[in-house]
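# Topology and contacts: notes
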Amino acid sequence: MRVFDIMSRKPITLFRQDTINRAAQVFHNNKIDGAPVVDNQGKLLGIFTKSHLMEVIIDNLDRGTLVEELMTWDLIKINEDEPIEKALETNVGRLPVVNSDNELVGILTRTDLVRGFYLQSQEVVGELTTILDSSHNGIIAVNQDGLIITFNAAAEKIMGRKSTEVLGKPLIDILPNTGLIGVLKDEREESGKKLNIGNVTVLTNRSLIYKNGELKGAMAIFQDVSDLEKISEELNIVKNLNKELDAIIESVSDGLYITNGKGDTIRINSSYEKITGIKSEDVLGRNMRELVAEGIFSESVTFQVLEKREPVTVMHELKSGQRILSTGNPVFNEEGKIVRVVTTARDVKELNHLKEELEKTKQLSKKYYSELEKLRLQQLELDDVVVKSDKMEKIIDLALQIGGVDSTVLITGESGVGKEIIARTIHKSSKRSKNSFMKVNCGAIPDNLLEAELFGYEKGAFTGAKSDGKPGIFELADKGTILLDEVGELPLNLQVKLLRVLQEEEIMRVGGTESIKIDVRVLAATNRDLDIMLQEGTFREDLYYRLNVVPIHIPPLRERKADIAPLSYNFLNQFNKKYNVNKKIALETIEYLEYYKWPGNVRELKNLIERFVVMYSQDIIEPRILPKKIKEIENKETDIKVTDIIPLKKAVSKVEKDILKMAFEKCSSTYEVARVLEVSQPTVVRKRKKYMI
């Protein structure tokens, strides 16, 4: 606390030019025995007291003598920012208080000091009480007579008594079993003692209170441990259950592999390690998708269980080449969600008595592989985006990456490769995703109407215009994204206006006179070679470089054959739902589709799948219903040397077998082989069985 906080303000003062007579009148009227002397600016000069008046009488001085002739110039004073403890060192009854400019701001009396120290002590008491009441533990203190002097808020809650009811009363009458009186009587301290107070179990420490070496009382600190007691009991029960569960799991002769509802490995038993040779430290905490990608497992029964929400059995192939029969079972919680997948594993070599069942499993393998392929593809789906090839995965990664910025993007590629889907992916992954996505086909709108469609028009702009005008697509796409499809078809006059929009971020309606600010991200797409158009002068160079900030080229489907199978399954699912059928596609059919060149790209593939669904009554789409141009396709890109004439079918089989052998020697899994050979993984598995590789 500072002197300023407790001093008496606006003190009675004298001026140096005041007379002795006036000073006497001031002392008499205000009943004071002294006053500070200040100058005209209020700065402290000295002090004049009754002692100086006595000198006047003793020396028989003139009552008109000035105060400055008798006052004390060298006086004790204190700054207003000093702590009040500093004032005690002066031993002055009336202490002048000044500021940093030596201006008198108050007088500090002994009464002021007493009041200040009282207020300060009250603050300390208040802070101490707040600290005690903020404690989570109960605190009780008694004096040497056993009377309660402290009883904090936590003690009130634990003991069920109010502090106003117990303060000043004997503890032995209020809480006879606290043991605190015994501690005080025997002068011994105790810690970690358990005590029951009503329905509450507490842990208490009891200490003695000394002041200057003299015993003044005792205190006890209580901690409510009722909940901890219950938790401890439950924890012991859980520990015992875990021990029993561990014993049961380890006693099972079948291999057990357990994952959570996300496919993360949480435990395997020793039988699984023995059967498969896979060590727990190599798989614990890792996701099944990651383990399949590394070739540790050929496929994941776990994700089939998560998809179907029912038990699933598959033939499992390990990285070592060993084959095991895996059966996955879902474990549901009370809300119906799968929280665990428990998979049992058995070595096929030890299951001779299940030979017939295994033969049936082989017959169903095509179905399992097909459904597994669809499951894997679903993991890579982003709405309508289905990819498997490295080229398209990189394009999707790039689209997602640039979604976070507002750069202009130029998407190129043949007709039907999916340029609009990439544009929508960029929009959906951007901060504008909640706003509109507008597409305009620059080649489908007549030149004389295209400007009005893009930029809008004012009323009366041309014959047939609406009376109140109309906003253009750029205005409608404000805060969102606009796709200028077939931008290479823009006439030169509109290319100039589009360049202005990109540079100035504003448009002007047809027939308008004022510019309109817009906030639109522009994506452009074309199947034309803009470099050739630049040379021919049909596309502006400055517009090209303004559009081509981030270029994305989508390769044709014939250059990413690994996407053909997943796209086919995706389209088949769409049309099955649309037409309420359940068609399936044979793996041999997929092989034909993978060899076809697809001049119409993804659009042609989609149309073909829809034709299969609506035109043919068979449940299985087999190769015999394929168009002639696909069935009779010949691969003319191979440069295999033939040294003798052999039957064509035998030659094809021999080349196929040799290529597969080479691939398996260099690759660690069927998925890697499929990627290298640019075919689907089920195709690789089927041909491996066919040639017994």
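Residues numbered from 1 in each chain as written. Predicted model: local features only at pLDDT ≥ 70, side-chain atom pairs only at ≥ 80, totals over all residues. Heavy atoms only, no water.

Let us now look at the packing of helix α28 (residues 648-666) against helix α29 (residues 670-677). For the pair α28 and α29, interaxial distance at closest approach is 9 Å and the crossing angle is 125 degrees. By the angle between their directions, the pair α28 and α29 is classed as oblique. Taken as a pair, α28 and α29 cross one another with a handedness that is right-handed. Residues Ile659, Leu660, Ala663, Phe664 and Lys666 of α28 form the contact with α29, whose own contacting residues are Thr670, Glu672, Val673 and Leu677. Counted by class, the contact of α28 with α29 contains 6 nonpolar, 1 polar and 2 charged residues. (Axes fitted to C-alpha atoms, helices over the stretch in contact; angles between N-to-C directions. Helix = DSSP H or I, 4+ residues; strand = E, 2+ residues; numbered from the N terminus. Parallel < 35°, antiparallel > 145°, perpendicular 65-115°, else oblique. Left-handed = near helix turned anticlockwise from the far one by under 90°. Contact = heavy atoms within 4.5 Å. Nonpolar A, V, L, I, M, F, W, Y, C, P; charged D, E, K, R; others polar.)

Locating Asn143 in the fold gives a position in strand β8 (residues 138-143). For Asn143, a relative accessible area of 17% translates into the label buried. Once residues lying within four places of it in the same chain are set aside, the contact partners of Asn143 are Ile149, Leu184, Lys216 and Gly217. (Buried < 20%, exposed > 50% of the residue type's maximum accessible area, 1.4 Å probe, protein only.)

Here we take up the nonpolar core. The biggest cluster of nonpolar side chains holds 29 residues, and the ones touching the most others in it are Leu454, Phe474, Ile482, Leu484, Val487, Leu490 and Leu498. Contributions of two or more residues to this core are made by α19 (447-455), α20 (473-476), β22 (481-485), α21 (492-504), β25 (521-526), α22 (530-536) and α23 (541-547). No other element matches α21, which puts 5 residues into this core. Not counting chain neighbours up to four residues away, the residues in contact with Leu454 comprise Val440, Gly472, Ile473, Phe474, Leu484 and Leu490. One finds Ile564, Ile590, Tyr596 and Leu605 within the second-largest nonpolar core, a separate group that totals 25 residues. (Core = buried A, V, L, I, M, F, W, Y, C linked by side-chain atoms within 4.5 Å.)

Ordered in space as β19-β22-β25-β18-β26, the 5 strands form an open sheet in which the pairing is parallel. In the strand order of this sheet, the two ends are held by β19 (437-441) and β26 (550-553), each with one partner. Strand-to-strand twist across the sheet, computed as the mean angle between neighbouring axes with direction ignored, equals 20 degrees. The strands touched by helix α18 (residues 419-428) within the sheet are β18 (409-412), β19, β22, β25 and β26, with β18 carrying the most contacts at an inclination of about 155 degrees. (Pairing = 2+ DSSP bridges.)

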